[in-house]
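Below, each chain spelled out in residue letters.
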Amino acid sequence: MSYKAESNSQLLSLVSKVRQHELPVNEALAASLIEFWQKSPDRSSTAKMLHIAALSDNAEVFKTAVELALRFWREGKLADVSAIELQALFQGEFWVLSSGTRTSGAGFVLKRILASARNELGATPDN
């Protein structure tokens, strides 16, 4: 079954369908949602974006999602997300990745990014 979203509303509908039916996610869908998320990031959309990125089972895609979320948080663009919440999202969604992806070379790099994020987020006063 193949789906294509041609508008933001279609993309959100597709993401909802994927989540509801636990369908596989390809890199293109994850990348589209990451791009959409950047326009209007908030607590809910951040959780969805990270989940879809993790469902892609691609360490590079998930790393990009984590790095962007962390950057937006640093810049104050995720004011409704606490450091603890963001850290929990990162860690929780990491386990959505398959064991093969988590233990790959790209997975190793991802683990280093997550460790750095954990240190940064754990050191903030808003915990």
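For the structure, check the block above.
What counts and how
Residues numbered from 1 in each chain as written. Predicted model: local features only at pLDDT ≥ 70, side-chain atom pairs only at ≥ 80, totals over all residues. Heavy atoms only, no water. 1 Å grid on protein atoms, 1.4 Å probe; cavity = no way out; pocket = protein on both sides within 12 Å on 5 of 7 lines; lining within 4 Å. Points joined across faces, edges and corners; volume = space filled by probe spheres on them. Helix = DSSP H or I, 4+ residues; strand = E, 2+ residues; numbered from the N terminus. Nonpolar A, V, L, I, M, F, W, Y, C, P; charged D, E, K, R; others polar. Salt bridge = Lys/Arg side-chain N within 4 Å of Asp/Glu carboxyl O. Buried < 20%, exposed > 50% of the residue type's maximum accessible area, 1.4 Å probe, protein only. Axes fitted to C-alpha atoms, helices over the stretch in contact; angles between N-to-C directions. Parallel < 35°, antiparallel > 145°, perpendicular 65-115°, else oblique. Left-handed = near helix turned anticlockwise from the far one by under 90°. Contact = heavy atoms within 4.5 Å. Phe/Tyr/Trp six-rings, centres within 6.5 Å; stacked < 30°, edge-to-face > 60°. Lys NZ or Arg CZ within 6 Å of the ring centre and 35° of its normal.

Observations regarding the layout of surface pockets
Turning to step 1, where the next piece is worked out: Here the second largest pocket is characterised by a volume of approximately 180 Å³.
Turning to step 2, where the next piece is worked out: Put simply, the parts of the chain that give the lining of the second largest pocket at least two residues each are α1 (8-21), α2 (27-39) and α3 (43-55).
Turning to step 3, where the next piece is worked out: The biggest single contributor to the lining of the second largest pocket is α1, with four residues.
Turning to step 4, where the next piece is worked out: Of the residues assigned to the lining of the second largest pocket, the class counts are six nonpolar, three polar and three charged.

A word on the pattern of salt bridges
Turning to step 1, where the next piece is worked out: Enumeration over the complete set of coordinates arrives at five salt bridges.
Turning to step 2, where the next piece is worked out: Where Arg-43 meets Glu-85, a salt bridge forms, and the shortest distance between an N and an O atom there is 2.9 Å. With Arg-43 in helix α3 and Glu-85 in helix α5 (residues 83-94), this residue pair connects regions lying 42 residues apart in the sequence.
Turning to step 3, where the next piece is worked out: Judged by its relative accessible area of 42%, Arg-43 falls in the partly exposed class.
Turning to step 4, where the next piece is worked out: The exposure class of Glu-85 is partly exposed, given its relative accessible area of 29%.

Section: the packing of helix α4 (residues 59-74) against helix α7 (residues 105-122)
Turning to step 1, where the next piece is worked out: It is at 9 Å that the axes of α4 and α7 come closest, and there the two elements cross at 20°. When the axis of α4 is compared with that of α7, the two are roughly parallel. Both α4 and α7 take part in a crossing whose hand is left-handed. In contact with Ala-59, Glu-60, Phe-62, Lys-63, Val-66, Glu-67, Leu-70, Trp-73 and Arg-74 of α4, α7 contributes Ala-106, Gly-107, Val-109, Leu-110, Ile-113, Leu-114, Ala-117, Glu-120 and Leu-121.

Focus on the packing of aromatic side chains
Turning to step 1, where the next piece is worked out: For the structure on display, the rule yields two aromatic pairs.
Turning to step 2, where the next piece is worked out: Judged by centre distance (4.7 Å) and plane angle (35°), the rings of Trp-37 and Phe-72 are tilted. Taken as a pair, Trp-37 in helix α2 and Phe-72 in helix α4 lie far apart in primary sequence, 35 residues in all.
Turning to step 3, where the next piece is worked out: Given the relative accessible area of 1%, Trp-37 is considered buried.
Turning to step 4, where the next piece is worked out: Seen from their ring centres, Phe-94 and Trp-95 are 5.2 Å apart, and the 80° between their planes marks the pair as edge-to-face.
Turning to step 5, where the next piece is worked out: Trp-95 gets classed as exposed once you look at its relative accessible area, which sits at 56%.
Turning to step 6, where the next piece is worked out: Just above the ring of Phe-72 sits the side chain of Lys-77; from NZ or CZ to the centre is 4.8 Å.

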